Amino acid sequence: MTILHEQIETTLPTEATFDYVADFANAETWDPGVATAERFDAGRLGLGSRFRLAVRLGPRVAPMEYRITVFEPPTRVVLVGSGSGVSAVDDIRFERLPTGTRIDYTADIDLHGVLGLVQPLLRGAFAKVGRNAADGMRRTLEARAEATGPGADAGGPA
């Protein structure tokens with residue numbers, strides 16, 4: 001098991017930040033470790049919403065499916081994912097700040113089978129993946145905040 005933990009701050013308002021990040025179909029825009037991402041159910045985003053991601057694992061791309069298991073707008077979302085020898089629990093918390101939002105992101109990643117044997121050797125690589133995702137999320141959210149400008153509705157379409 002590998003636990004990654006990152007915190008970032010953005011000037012984007014909390015509701016808009018939650019709406020964007022909780023919709024894991026957006027992950028490919030901010031996480032360089034995600035090759036593709038799509039939602040594959042209909043209706044309003046919420047408990048039980050499902051996503052299909054293609055995740056880069058070294059030289060290969062592995063399909064994963066994620067499902068929202070905790071949905072508490074605008075403060076917390078938990079997504080549970082599994083596929084191709086890997087499972088993950090992403091617990092994302094949002095805190096309103098006077099200047100925007102703080103995101104506290106914890107990912108618990110577990111490799112299975114042969115990959116599980118080498119997981120302890122991959123801690124540094126996983127840490128880099130986590131930092132890259134946090135940096136990408138920060139840049140993307142700031143770009144959204146700048147695009148909406150002060151006082152604009154930042155909660156528009158994702």
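What comes next concerns the included structure. Here the structure is a predicted model, which means the values were calculated and not measured. (Residues numbered from 1 in each chain as written. Predicted model: local features only at pLDDT ≥ 70, side-chain atom pairs only at ≥ 80, totals over all residues. Heavy atoms only, no water.)

## Considerations on the nonpolar core
Grouped together as the largest cluster of nonpolar side chains are 36 residues, with contacts concentrated most on F24, L53, I92 and I103. Aside from chain neighbours lying at most four places away, what touches F24 is W30, A37, F51, L53, Y66, L79, D90, I92 and Y105. (Core = buried A, V, L, I, M, F, W, Y, C linked by side-chain atoms within 4.5 Å. Buried < 20%, exposed > 50% of the residue type's maximum accessible area, 1.4 Å probe, protein only. Contact = heavy atoms within 4.5 Å.)

## Digging into the environment of Y105
Along the chain, Y105 falls in strand β7 (residues 100-111). The class of Y105 is buried, set by a relative accessible area of 13%. Here the alpha-carbon distance between Y105 and A134, two residues 29 residues apart in the chain, equals 8.5 Å. Residue contacts for Y105: discarding those within four places in its chain leaves L4, H5, E6, F24, W30, D90, D91, I92 and M137. Engagement of the side chain of Y105 in a polar contact is seen with the side chain of D90, the distance being 2.5 Å. (Helix = DSSP H or I, 4+ residues; strand = E, 2+ residues; numbered from the N terminus. Polar contact = N/O pair within 3.5 Å; in protein donor to acceptor, adjacent residues only side chain to side chain.)

## A short note on the side chain of T140
Relative to the elements of secondary structure, T140 occurs in helix α4 (residues 123-148). Looking at T140, its side chain comes within polar contact range of the main-chain oxygen of G136, at 2.8 Å. Not counting residues up to four positions away in its chain, the partners in contact with T140 are Y20, T29 and W30.

## A short note on the sheet that holds strand β5 (residues 76-83)
Consider a sheet: its strands pair through backbone hydrogen bonds, and that pairing is either parallel or antiparallel. Spatially, β1-β7-β6-β5-β4-β3-β2 is the arrangement adopted by the seven strands of the open sheet, whose pairing is antiparallel. Unpaired on one side and paired on the other, β1 (2-10) and β2 (34-39) mark the two borders of the sheet. Averaged over all neighbouring strand pairs, the angle between strand axes comes to 20 degrees, with direction disregarded. Two elements, strand β3 (residues 50-57) and strand β4 (residues 60-72), share eight bridges in a ladder whose sense is antiparallel. Following the sheet pairing, L57 is matched in β4 by R60. Strands β1, β3, β4, β5, β6 (86-97) and β7 of the sheet are contacted by helix α1 (residues 14-22), whose axis makes an angle of about 170 degrees with β6. (Pairing = 2+ DSSP bridges. Axes fitted to C-alpha atoms, helices over the stretch in contact; angles between N-to-C directions.)

## Observations concerning the pattern of salt bridges
Scanning all chains against the criterion turns up eight salt bridges. A salt bridge links R52 to E38, with the nearest nitrogen and oxygen atoms 3.2 Å apart. You can see R52 sitting in strand β3 and its partner E38 sitting in strand β2, a full 14 residues away along the chain. The residue R102 makes a salt bridge to E95 at a minimum N-O spacing of 2.9 Å. Of the residues examined, R102 reaches a relative accessible area of 24% and is grouped as partly exposed. By relative accessible area, E95 is classed as partly exposed at 40%. Taken together, the salt bridges that share partners define one network made up of E9, E95 and R102. (Salt bridge = Lys/Arg side-chain N within 4 Å of Asp/Glu carboxyl O.)

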